[in-house]
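Residues per chain, in single letters:
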Amino acid sequence: MTALNRVPSLMARAGTASALTLAAVGGSIVVPGGASEAAAASHATKALSIAASKKGSPYQWGAVGPNRFDCSGLTLYSFKKAGKKLPRTAAQQYNKTRHISAGSRRAGDLVFFHSGGYVYHVGIYAGKGKIWHAPKTGDVVRLQKIWTRSVSYGRVG
């Protein structure tokens with residue numbers, strides 16, 4: 001039996017356990033901001049930076065870079081360069097991410113735009129209510145304020 005298997009039974013018997021108690025028995029503690037979250041944040045920060053570096057690149061439906069993008073092509077390209085795989089479409093990316101609340105969002109999270117149950121657009125959250133995205137035909141990759149409340153947020157793990 002590993003320490004990870006013992007910790008729940010120890011906690012059940014003790015009722016509660018402090019971090020020191022867990023450490024003393026060789027348990028692992030998952031702390032917000034710990035190593036796995038830090039790694040995810042690092043990938044997200046890199047992806048955000050990569051998306052920003054594509055400012056002014058033309059929109060082209062179905063394009064995944066490096067010089068032209070559609071919305072999900074930009075997110076796919078940015079996260080791939082940052083070391084994370086995403087599926088191709090906005091809807092597939094929505095289904096692949098860990099959904100989070102607006103209050104939990106942070107720079108580098110994905111922002112999904114929807115109408116009813118249909119996800120039609122995606123961008124990368126830049127903070128302060130703005131996203132980097134490839135908007136539409138005739139436009140370019142740019143930073144823009146989120147224009148609707150019909151959005152959800154996802155974190156690439």
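Higher on the page you've got the structure.
Scoring rules and cut-offs
- Residues numbered from 1 in each chain as written.
- Predicted model: local features only at pLDDT ≥ 70, side-chain atom pairs only at ≥ 80, totals over all residues.
- Heavy atoms only, no water.
- Helix = DSSP H or I, 4+ residues; strand = E, 2+ residues; numbered from the N terminus.
- Buried < 20%, exposed > 50% of the residue type's maximum accessible area, 1.4 Å probe, protein only.
- Contact = heavy atoms within 4.5 Å.
- Areas by Shrake-Rupley, 256 points an atom, 1.4 Å probe, with all protein chains shown as cover.
- Patch = residues over 30% accessible without salt bridge, like charges linked within 9 Å, V, L, I, M, F, W, Y side chains within 5 Å.
- Salt bridge = Lys/Arg side-chain N within 4 Å of Asp/Glu carboxyl O.
- Pairing = 2+ DSSP bridges.
- Phe/Tyr/Trp six-rings, centres within 6.5 Å; stacked < 30°, edge-to-face > 60°.

Enquirer: Before we move on, can you summarise the overall build of the protein chain with the specific residues and values?
Expert: The helix and strand tally for the protein chain stands at 5 helices and 6 strands. For the protein chain, the sequential pattern of α-helices and β-strands runs α-α-α-α-α-β-β-β-β-β-β. When the 157 residues of the protein chain are sorted by exposure, 38% land in the buried category. Sequence-distant contacts in the protein chain: of pairs separated by 6 or more residues, those separated by 24 or more amount to 50%. For the protein chain, the accessible surface area stands at approximately 9000 Å², while carbon and sulfur atoms represent 56% of it.

Enquirer: Could you give an account of a nonpolar patch on the surface, with specific residues and numbers?
Expert: A cluster of nonpolar side chains, Tyr118, Tyr120 and Trp147, forms an exposed patch at the surface whose accessible area comes to about 370 Å². Of note, Tyr118 is situated in strand S3 (residues 118-127).

Enquirer: Before we move on, could you go through the pairing of S3 and cite the residues and values that matter?
Expert: Counting buried residues along S3, 7 of its 10 residues qualify, which places the element largely inside the surrounding structure. Bridge count between strand S2 (residues 110-115) and S3: 6 bridges; the pairing is antiparallel. Residue pairing for S3: Val111 is matched across the bridge by Gly123. Taken together, S2 and the strand that follows it, S3, pair antiparallel across an intervening segment of 2 residues, in which Gly116 is found at a positive phi of about 65°. In the sheet, S3 pairs with strand S4 (residues 130-133) via 3 bridges, with the strands oriented antiparallel. Counted as the bridge partner of Gly127 is Lys130 from S4. Here S3 folds back onto S4, and the loop between the two strands holds 2 residues, one of which, Lys128, carries a positive phi near 55°.

Enquirer: Could you give me a rundown of the packing of aromatic side chains, with the residues and numbers involved?
Expert: Counted by the stated rule, this structure contains 5 aromatic pairs. Here the aromatic rings of Tyr94 and Phe112 are separated by 5.3 Å at their centres, their planes lie at 85°, and the arrangement is edge-to-face. Remark: Phe112 occurs in strand S2 and Tyr94 occurs in helix H5 (residues 90-96); sequence separation between them is 18 residues. Among the residues examined, Tyr94 registers a relative accessible area of 22% and is labelled partly exposed. The exposure class assigned to Phe112 is buried, which follows from its relative accessible area of 0%. Measuring from centroid to centroid gives 4.4 Å for Phe113 and Trp147, while their planes differ by 15°, and the two rings are stacked.

Enquirer: Pulling in residues and values, what's your account of the pairing of S2?
Expert: Pairing analysis gives 4 bridges linking S2 to strand S6 (residues 151-155), with the strands arranged antiparallel. Within the sheet, the bridge partner assigned to Phe112 lies in S6 and is Ser152.

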